[in-house]
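Single-letter residue listing:
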Amino acid sequence: MSSGVAARRDAKKLVRSPSGLRMVPEHRAFGSPFGLEEPQWVPDKECPRCMQCDAKFDFITRKHHCRRCGKCFCDRCCGQKVPLRRMCFVDPVRQCAECALVSHREAEFYDRQLKVLLSGATFTVTFGNSEKSETMVCRLSNNQRCLILDGDHHCEIEIAHISTVQVLTEGFAPGDTHTYTSVLGSQPTSEGGNARATGMFLQYTVPGTEGEAQLKLTAGEDANASRRQATAWLAAMHKPRESMKLLRSSLNLRQTRTT
């Protein structure tokens, strides 16, 4: 990818909405698949009472709109200001209690898992049924739309084109079993004990070609910093918390739009 295309993909602009300042992609096509659109606010005339506690709005009890769901609440039920990174707000914004709880949980993904995924890690990569493999650095693109692999050659795989993700795990139970589990389902487990992610298998479509391509990422076997970084990257990909909920919701949205 040329530097000009890369710069355009990562370019952002500051916009002002009724909810606050947002730092959004300059080109909508390069927006994060984890992003959320701002909701339509419930019109003032349709909410004479708080939609949570049913308090009647008047000169003293003012109405406020939750920036995440768009519903109308009193200050008691919508007084928290919480970061809402999925909508790219620069500052924390007013949210109802239920939405604030969700945003707090999602913050772990942005503060922890996403940083690991953006930093990348080194893997042994095998494409298709090839007997040859190569060492490549795999990372999530800055706009979270692609997996980028760099080694002897450069490869980009759009998240929206990935159809199957399986995590290879290594158990510590007797017999040292290995289990493949879908990353979109549940956390990998091994029979009789704990499990550690050692690799990942992907199936994806390549625009302009028929059928599906596949690749396997494998962490190094040596207990060094590179192996630890690769294990942490895999853990961020399959951890059954907000990262997987966000990824699953983005994949579900893509499937809805194509049906």
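Right above here is the structure, for reference.
What you are looking at is a predicted structure, and each value in this text was computed from that prediction instead of being measured. (Residues numbered from 1 in each chain as written. Predicted model: local features only at pLDDT ≥ 70, side-chain atom pairs only at ≥ 80, totals over all residues. Heavy atoms only, no water.)

Re the overall build of the protein
Convention followed: Only runs of H or I of at least four residues qualify as helices and only runs of E of at least two qualify as strands under DSSP, and these elements are numbered from the N terminus. Whether two residues are in contact is decided by their heavy atoms: any pair within 4.5 Å suffices. Values of accessible area rely on a 1.4 Å probe in the Shrake-Rupley scheme; residue burial ignores everything except the protein chains shown.
When helices and strands are tallied, the protein shows 4 helices and 14 strands. A separation of at least 24 residues holds for 46% of the contacts in the protein among residues at least 6 apart in sequence. With an accessible surface of roughly 14800 Å², the protein has 50% of that area assigned to carbon and sulfur atoms.

Let's talk about the pattern of salt bridges
Going by this rule: Note on definitions: salt bridges are taken to be side-chain nitrogens of Lys or Arg within 4 Å of carboxyl oxygens of Asp or Glu. In this scheme, a residue with accessible area under 20% of its type's maximum is buried, one over 50% is exposed, and one in between is partly exposed, where area comes from a 1.4 Å probe on protein chains only.
Applying the stated criterion to the full structure yields 5 salt bridges. Measuring nitrogen to oxygen at the nearest pair gives 3.3 Å for the salt bridge that ties Glu38 to Arg22. Taken together, the residues span a long stretch of sequence, with Glu38 in the loop between strand E2 (20-25) and strand E3 (64-65) and Arg22 in strand E2 at a distance of 16 residues. Accessibility expressed as a relative area gives 13% for Arg22, which makes it buried. The salt bridge partner of Arg86 is Glu106, with a shortest N-O separation of 2.9 Å. Residue Arg86 is located in the loop between strand E5 (80-82) and strand E6 (93-95), and its partner Glu106 is located in helix H2 (residues 97-119); the two are separated by 20 residues in the primary sequence. Assessed through its relative accessible area of 8%, Arg86 is described here as buried. For Glu106, a relative accessible area of 5% puts it in the buried group. Members of the salt-bridge network, linked through shared partners, are Arg68, Arg86 and Glu106.

Quick notes on the side chain of Arg67
Going by this rule: For the charge count, each Lys or Arg is scored as positive and each Asp or Glu as negative, with His and the chain ends excluded.
Mapped onto the elements, Arg67 comes out in the loop between E3 and strand E4 (72-73). There is no salt bridge for the buried Arg67, and the closest opposite charge comes from Glu38, which lies 6.9 Å off by N-O distance. Excluding residues that lie within four positions of it along the chain, Arg67 makes contacts with Pro18, Ser19, Pro39, Trp41, Leu84, Met87, Val93 and Arg94.

Concerning the state of the cysteines
How we decide: Cysteine sulfurs are considered disulfide-paired once they come within 2.5 Å of each other.
Throughout the structure, instances matching the rule amount to 0 disulfides. Cysteine Cys53 shares no disulfide, and the gap to the nearest cysteine sulfur, in Cys50, comes to 3.7 Å. In this structure Cys53 comes out as partly exposed when scored by relative accessible area, which is 39%.

Description of the nonpolar core
Our working definition: Only buried residues count toward a nonpolar core, which is a set of Ala, Val, Leu, Ile, Met, Phe, Trp, Tyr and Cys residues joined through side-chain atoms within 4.5 Å.
The biggest cluster of nonpolar side chains holds 31 residues, and the ones touching the most others in it are Phe123, Leu147, Leu149, Ile162, Leu217 and Trp233. No other element matches helix H3 (residues 225-238), which puts 5 residues into this core. Core analysis: the second largest hydrophobic core is formed by 11 residues, Phe57, Cys72, Cys78 and Cys96 among them.

Section: the packing of aromatic side chains
Put simply, the test is: In this scheme Phe, Tyr and Trp rings, the latter by its six-membered ring, pair at centre separations within 6.5 Å, and the angle between planes marks the pair as stacked below 30 degrees, edge-to-face above 60, and tilted otherwise.
By the definition in use, this model includes 3 aromatic pairs. With a centroid separation of 5.1 Å and 90° between ring planes, the pair formed by Phe34 and Phe109 is classed as edge-to-face. Here Phe34 is found in the loop between E2 and E3, whereas its partner Phe109 is found in helix H2, with 75 residues between them in sequence. Taking the relative accessible area as the measure of exposure, Phe34 reaches 5% and is therefore buried. One aromatic cluster in this structure is built from Phe34, Phe109 and Tyr110.

Remarks on a nonpolar patch on the surface
Quick note on the threshold: A residue counts toward a patch only above 30% relative accessible area and without a salt bridge, and it is joined to like-charged neighbours within 9 Å or, for Val, Leu, Ile, Met, Phe, Trp and Tyr, to nonpolar neighbours within 5 Å.
A cluster of nonpolar side chains, contributed by Leu14, Met23 and Val90, occupies part of the molecular surface with about 260 Å² of accessible area. With respect to the helices, strands and loops of the structure, Leu14 is situated in strand E1 (residues 12-17).

So, H2
Note the threshold: In this analysis, the expected span of each helix is defined as 1.5 Å times one less than the number of residues it contains. A residue's bend is the angle separating two fitted axes: one through the seven residues that end there, the other through the seven that start there.
Here H2 spans 33 Å end to end across 23 residues, near enough to the 33 Å set by a 1.5 Å rise per residue. Helix geometry: H2 is bent most strongly at Gln113, by close to 40°. Buried within H2 are the following residues: Cys99, Ala100, Ser103, Glu106, Phe109, Tyr110, Gln113, Leu114 and Leu117.

Some points on unusual backbone geometry
Even without glycine at this site, Cys88 takes up a positive phi of about 65°. A positive phi is found at Gln144, a non-glycine position, where the angle reads about 65°. By the element assignment, Gln144 lies in the loop between strand E8 (134-140) and strand E9 (146-150). Residue classification places Gln144 among the buried residues on the basis of a relative accessible area of 9%.

Examining the pairing of strand E10 (residues 154-158)
Side chains on a regular strand alternate between the two faces of the sheet. Our working definition: One bridge is not enough; two strands pair if DSSP finds at least two bridges between them.
Residues Cys155 and Ile157 point to one face of E10 and are all buried, whereas His154, Glu156 and Glu158, pointing to the other face, are not buried. In terms of strand pairing, E9 meets E10 through 5 bridges, oriented antiparallel. Bridged to Asp150 within E10 is His154. From the end of E9 to the start of E10, which pair antiparallel, there are 3 residues.

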